Amino acid sequence: MSTYTVEIRHQGSIHTIEVSETQTVLQAALAAQIDLPSSCTAGVCTTCAAQILAGTVEQSEGMGISPELQQEGYALLCVSYPRSNLEIESEKEDIVYDKQFGKPS
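In what follows, the accompanying structure is described. (Residues numbered from 1 in each chain as written. Predicted model: local features only at pLDDT ≥ 70, side-chain atom pairs only at ≥ 80, totals over all residues. Heavy atoms only, no water.)

This part takes up the side chain of Ser84. Counting through the fold element by element, Ser84 comes out in the loop between strand 6 (81-82) and strand 7 (86-89). Among the polar contacts listed, one links the side chain of Ser84 to the backbone nitrogen of Thr56, at a separation of 2.9 Å. Non-local contacts of Ser84, meaning those with residues more than four positions away in its chain, are made with Tyr4, Gly55 and Thr56. (Helix = DSSP H or I, 4+ residues; strand = E, 2+ residues; numbered from the N terminus. Polar contact = N/O pair within 3.5 Å; in protein donor to acceptor, adjacent residues only side chain to side chain. Contact = heavy atoms within 4.5 Å.)

Encoded structure:
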């Protein structure tokens, strides 16, 4: 089983944690007492949306984010399993929600 280093940029701070490939980034962050936003923890809402700045995650369980947004680097941390070392920026819910559900301008 692999473990990856995950750097989370959250509210002006940078937190570095170790995350197993069988654990979601959100689970590991909460266990490390990093207070990331979350709600449903089932990949359906966008509360835990983040942007992957470097690295890759497996998030096939997530229904709340389109494949197009995943390709742009957005992820739902509650269903994101690391597949490499990661750099993540938290609190992207508004951007993801607007891109996915917002009305075209």
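This paragraph deals with the sheet that holds strand 3 (residues 49-54). Strand order across the open sheet formed by five strands is 2-1-7-3-5, with mixed pairing between neighbours. Of all strands in the sheet, those bounded by a partner on one side alone are strand 2 (13-20) and strand 5 (74-76). Geometrically, the sheet is characterised by an average inter-axis angle of 35 degrees between neighbouring strands, direction not taken into account. (Pairing = 2+ DSSP bridges. Axes fitted to C-alpha atoms, helices over the stretch in contact; angles between N-to-C directions.)

Applying the stated criterion across every chain yields a total of four salt bridges. The shortest N-O distance in the salt bridge between Arg9 and Glu7 comes to 3.4 Å. Given the relative accessible area of 31%, Arg9 is considered partly exposed. In this structure, Glu72 engages Lys99 in a salt bridge whose closest nitrogen and oxygen atoms are separated by 2.7 Å. (Salt bridge = Lys/Arg side-chain N within 4 Å of Asp/Glu carboxyl O. Buried < 20%, exposed > 50% of the residue type's maximum accessible area, 1.4 Å probe, protein only.)

Positionally, Ser80 belongs in the loop between strand 5 and strand 6. A relative accessible area of 0% means that Ser80 is categorised as buried. Engagement of the side chain of Ser80 in a polar contact is seen with the backbone oxygen of Leu76, the distance being 2.7 Å. If near-sequence neighbours (up to four positions away) are discounted, Ser80 is found in contact with Gln23, Thr24, Val25, Val57, Glu58, Gln59 and Ala75.

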